[in-house]
There are 2 protein chains.
Amino acid sequence: MKTNHKPAFAMFRRGRQNYIAIALLAAVAFTTTTIARAQDPLPSWNDGKTKQSITDFVAKVTKEGSADFVPANERIATFDNDVTLWCEQPMPVQLFFALDRVKTLAPQHPEWKTEEPFASLLKGDLKGALAGGEPAIAKIIVVTHAGMTTAEFEKIVTDWIATAKHPKFKQPFVACVYQPMIELLAYLRANGFKTFIVSGGGIEFMRPWADKVYGIPPEQVVGSSVKTQFEMRDGKPVLMRLPELNFIDDKAGKPVGINQHIGRRPIAAFGNSTGDQQMLEYTQGGRGARFMLLVLHDDAAREYAYGPAKELPETKGGIFTQALYDQAQKDGWTVVSMKDDWKQIFPFEK
Amino acid sequence: MKTNHKPAFAMFRRGRQNYIAIALLAAVAFTTTTIARAQDPLPSWNDGKTKQSITDFVAKVTKEGSADFVPANERIATFDNDVTLWCEQPMPVQLFFALDRVKTLAPQHPEWKTEEPFASLLKGDLKGALAGGEPAIAKIIVVTHAGMTTAEFEKIVTDWIATAKHPKFKQPFVACVYQPMIELLAYLRANGFKTFIVSGGGIEFMRPWADKVYGIPPEQVVGSSVKTQFEMRDGKPVLMRLPELNFIDDKAGKPVGINQHIGRRPIAAFGNSTGDQQMLEYTQGGRGARFMLLVLHDDAAREYAYGPAKELPETKGGIFTQALYDQAQKDGWTVVSMKDDWKQIFPFEK
């Protein structure tokens, strides 16, 4: 698969200024907020059982001499990304990215006018485009995520994320992160934890912005990936992204990805769905104090309510299944009700 | 492939005390040495061009305001392990491990008495065993490195490394590390670098001891791996090591492994052979100040002299080839002469 991406790149050369402005504003807001809320490291969490379960866990694993004490270098915490740290409704952000990218590349691919899923997509018929299921999505991913160097892809993502906005909230996607989870990440790090993302999303789709948005550097991001190949191009060493899947970091793949990248079993894990189930089980399976948490989206007014949230505990289906809810109850996992436990959902609310 | 490892485990339950004693002695020695040599962060390096190239590079990338300044979070340094950080002669330590493991497992495998490469191996005929080349080695690796959980393998490695000794130096393998490189790792970290191992060796063979020996935690070790699979065994979540190769972190695989694990291009890379060539090229290919170094084994008296070292620059062959030497000269990579540049080679010398 060879395509000339230069025209596409030219179209993406924008928005970096904006991005920096957003980052600076966020930094100022964060600093101000930090000073004002110095007393409480989790100001966006309502007091109650959920918040208490977090602070109790952190207190016991950090108390030297206690039976539950964990040395700092073993305080590994892993976080799912989509739906756990940022909003994935009405569809995954990476899919918005892929669809935008198809539109950008379309002028170079006249054949897409008659080729599915591109034909439907370019006509604005998303439902028709996705009717082809997994193979259709795979086709979209391949043309939008492969065939360029890793450095080129990083630039494409960086430029896109700087301007792309959430259709409902009219805010940049990177602003549609959950304020309580941002506080939780910072709180854990302040207590000696090393925080990792472990997501089914693309590892190189998250790395360009995860440090700025979550304080998680590239080497602490675990995700799905395509194969890459080392090449000399015009005498320069590059890594080419190949149209071939390397690893799917989801469900039973999450503990595999954790072991491969981190090489230690987490002592705390945070997710929201059956895609995170094995990560939480793997975390729980270690010796000593453990903490597992699921985020339940039950706030239709401020965000979305979906999965079993509408009528717990009877509803089946959804990715936060009834079985997962039951497992959480049985195994003592914390379940966050966004409606009841979170004072504020997004940073832009206040 | 299913085997019962319980008897084998019993045989490995020894030596942890020894290991702790060694670690403590090393810590005391290190502290004393550190105080005495407080003036010089690289006391085992002779003064001269080689040492100067290292300290010059570190000075310029850490000097705020300088054109070559690199923010701390981008100071990524990658180190090959075998031959760069510890001794790989007369053969790789991991092969010693595999051979010992075959002997340990032999009572459970009567069929090995007539099956190659095991038959030769068990008769002490190493040359005969390895005559089968790569397939023979692969067969040995599979039976010694797969078929157990990751936690079981970690324990096997930890127990073995605590007692196994180098045949020439009569010291534990973990003591046969290069003192100047240990100092270099610490010096880089003291200057804000994050140090990684990027080795063709097994990632899970190195992780159990890399933190104690090199100060490099499991999440900063990149290496070759077998596939693993998440399973529930007796109701406990485990990762099984499968008899199937996942990734070879060597040659053109090193930049791939670096990108996969670290997600940033190193600004400094350290190796010794054609197995490291692409890692050094990839490092050099980035923007700004870069540092590439190769260790040349040319000290037959204190360690070994091999590859082209005996009669540079004419000799061909060896893994430090003449072509690599020429490339190093042309591209300004630093070449360490162990004989001339290193005051001391092993920590146990003094």
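Look up a bit, the structure's there.
So, here's what we can say about the structure. (Residues numbered from 1 in each chain as written. Chains lettered and ligands numbered in written order. Predicted model: local features only at pLDDT ≥ 70, side-chain atom pairs only at ≥ 80, totals over all residues. Heavy atoms only, no water.)

**Regarding the overall build of chain A**
Next up, step 1: Helix and strand counts for chain A come out as 14 helices and seven strands.
Next up, step 2: Restricting to contacts in chain A with at least 6 residues of sequence separation, those with at least 24 account for 67%.
Next up, step 3: Element-wise, carbon and sulfur atoms account for 55% of the exposed surface of chain A, whose accessible area totals about 15200 Å². (Helix = DSSP H or I, 4+ residues; strand = E, 2+ residues; numbered from the N terminus. Contact = heavy atoms within 4.5 Å. Areas by Shrake-Rupley, 256 points an atom, 1.4 Å probe, with all protein chains shown as cover.)

**With respect to the packing of helix α3 (residues 49-62) of chain A against helix α9 (residues 179-190) of chain A**
The description of two helices packed together rests on the angle between their axes and the distance between the axes.
All names here are of chain A.
Next up, step 1: Axis separation between α3 and α9 bottoms out at 11 Å; the angle between their running directions is 15°. If you check the angle between α3 and α9, you find them roughly parallel. As α3 packs across α9, the resulting crossing turns out to be right-handed. Residues I54, T55 and V58 of α3 touch α9, and the partners they reach there are L184, Y187 and L188. (Axes fitted to C-alpha atoms, helices over the stretch in contact; angles between N-to-C directions. Parallel < 35°, antiparallel > 145°, perpendicular 65-115°, else oblique. Left-handed = near helix turned anticlockwise from the far one by under 90°.)

**Topic: the relation of the copies chain B and chain A**
Next up, step 1: For these two chains of identical sequence, chain B goes onto chain A by a turn of 180° and a shift of 0.0 Å along the axis, with RMSD 0.0 Å. What the rotation and shift describe, once combined, is the action of a two-fold rotation axis. Using C-alpha coordinates, one finds that chain B approaches the rotation axis most closely at H261(B), a distance of 3.1 Å.
Next up, step 2: A share of 100% of the interface residues of chain B reappears at the interface of chain A, consistent with the copies meeting face to face through the same patch. (Least-squares fit on C-alpha atoms with pLDDT ≥ 70 in both.)

**Quick notes on the pairing of strand β6 (residues 291-296) of chain A**
Residues and elements named next belong to chain A.
Next up, step 1: In terms of burial, β6 is largely enclosed, as six of its six residues are buried.
Next up, step 2: Burial of the side chains of β6 extends over both faces: F291, L293 and V295 are buried on one face and M292, L294 and L296 on the other.
Next up, step 3: When strand β5 (residues 268-271) meets β6, the two strands line up parallel, connected through four bridges. Its bridge partner being in β6, A269 is matched across the sheet by M292.
Next up, step 4: Taking the sense of rotation as the criterion, the β-α-β connection linking β5, helix α12 (residues 277-284) and β6 turns out right-handed.
Next up, step 5: Relative to strand β7 (residues 334-337), β6 runs parallel, the two being bridged by four bridges. Note that in β7 the partner of L294 across the bridge is V335. (Buried < 20%, exposed > 50% of the residue type's maximum accessible area, 1.4 Å probe, protein only. Pairing = 2+ DSSP bridges. Right-handed = clockwise from strand over helix to strand, strands pointing away.)

**Side note on the interface of chain B and chain A**
Next up, step 1: Chain B puts 35 residues into the contact, and the matching count from chain A is 35 residues.
Next up, step 2: Of the roughly 2800 Å² buried between chain B and chain A on both sides combined, carbon and sulfur atoms contribute 47%.
Next up, step 3: Looking at the side of chain B facing chain A, the largest losses of area belong to E219(B), F230(B) and Q260(B), adding up to 23% of the total buried there.
Next up, step 4: Measuring nitrogen to oxygen at the nearest pair gives 2.8 Å for the salt bridge that ties K194(B) to E219(A).
Next up, step 5: In this assembly, chain B and chain A are joined by 20 residue pairs in polar contact (both at pLDDT 80 or more). (Buried area = accessible area lost by both parts, 1.4 Å probe. Salt bridge = Lys/Arg side-chain N within 4 Å of Asp/Glu carboxyl O. Polar contact = N/O pair within 3.5 Å; in protein donor to acceptor, adjacent residues only side chain to side chain.)

**Quick notes on the sheet that holds β6(A)**
All names here are of chain A.
Next up, step 1: Ordered by their spatial adjacency, seven strands build an open sheet running β4-β3-β2-β1-β5-β6-β7, and the pairing between neighbours is mixed. With partners counted over all chains shown, the strands left at the sheet margins are β4 (236-247) and β7, one partner each. Direction aside, the axes of adjacent strands within the sheet are offset by 30° on average.
Next up, step 2: Bridging between strand β2 (residues 194-202) and strand β3 (residues 221-233) involves three bridges; their strand directions are parallel. Its bridge partner lying in β3, V198 is registered against V222.
Next up, step 3: Running over the sheet, helix α10 (residues 203-214) touches β2, β3 and β4 and is turned about 115° from β3.

**Observations concerning helix α13 (residues 322-331) of chain B**
Residues and elements named next belong to chain B.
Next up, step 1: For α13, the set of buried residues is Q322, L324, Y325, Q327 and A328.
Next up, step 2: Looking at the buried side of α13, the elements it contacts are α12 (277-284), β6 (291-296) and β7 (334-337).
Next up, step 3: In the segment just after α13, G332 is the residue with positive phi, at about 75°.

**Concerning the environment of Q278(A)**
Next up, step 1: One can find Q278(A) in helix α12.
Next up, step 2: Residue classification places Q278(A) among the buried positions, given a relative accessible area of 15%.
Next up, step 3: Beyond its immediate sequence surroundings of up to four residues, Q278(A) is in contact with K251(A), A252(A), P255(A) and F230(B).

**Description of unusual backbone geometry**
All names here are of chain A.
Next up, step 1: A cis amide bond links E116 to the next residue, P117, at an omega of 5°.
Next up, step 2: If you trace the backbone, P117 turns up in the loop between α4 (93-105) and α5 (118-122).
Next up, step 3: Of note in this structure, D234 is not a glycine but carries a positive phi near 55°.
Next up, step 4: Inspection of the secondary structure puts D234 in the loop between β3 and β4.
Next up, step 5: On the accessibility criterion, D234 (79% relative accessible area) is exposed.

**Let's talk about the packing of aromatic side chains**
Remark: the centre distance and the inter-plane angle together describe each pair of aromatic rings, the angle taken between the planes.
All names here are of chain A.
Next up, step 1: A complete count under the given rule lists 45 aromatic pairs over all chains for this structure.
Next up, step 2: Ring geometry for F169 against Y304: centres 6.2 Å apart, planes inclined by 80°, an arrangement best described as edge-to-face. One end of the pair, F169, is in the loop between α8 (150-163) and α9; the other, Y304, is in the loop between β6 and α13 (322-331), and 135 residues separate them in sequence.
Next up, step 3: Measuring from ring centre to ring centre gives 5.9 Å for F270 and F291, while their planes differ by 45°; the resulting arrangement is tilted. Of this pair, F270 sits in strand β5 while F291 sits in strand β6, and the two are 21 residues apart along the sequence.
Next up, step 4: Members of the aromatic cluster, each reached through a chain of ring pairs, are W86, F96, F97, F153, W160, F173, F205, W209 and Y214. (Phe/Tyr/Trp six-rings, centres within 6.5 Å; stacked < 30°, edge-to-face > 60°.)

**Points about the pairing of strand β3 (residues 221-233) of chain B**
Next up, step 1: Summarising the sheet, β3(B) and strand β4 (residues 236-247) of chain B pair through eight bridges and their orientation is antiparallel. Within the sheet, the bridge partner assigned to S225(B) lies in β4(B) and is F247(B).

**Re the pattern of salt bridges**
Next up, step 1: Throughout the structure, instances matching the rule amount to 26 salt bridges over all chains.
Next up, step 2: Note that D331(A) is salt-bridged to K330(A), the shortest N-O span being 3.1 Å.
Next up, step 3: Using a relative accessible area of 24% as the deciding quantity, one classes D331(A) as partly exposed.
Next up, step 4: Look at K330(A) and you get exposed, because its relative accessible area is 68%.
Next up, step 5: Two residues, K254(B) and D80(B), come together in a salt bridge whose shortest N-O distance is 2.9 Å. Separated by 174 residues along the polypeptide, K254(B) in helix α11 (residues 253-261) and D80(B) in the loop between β1 (76-79) and α4 (93-105) bring together distant segments of the chain. Residue K254(B) shares its accessibility class with D80(B), and that shared class is buried.
Next up, step 6: Each of D40(A), D47(A) and K51(A) takes part in one network of salt bridges that share partners.

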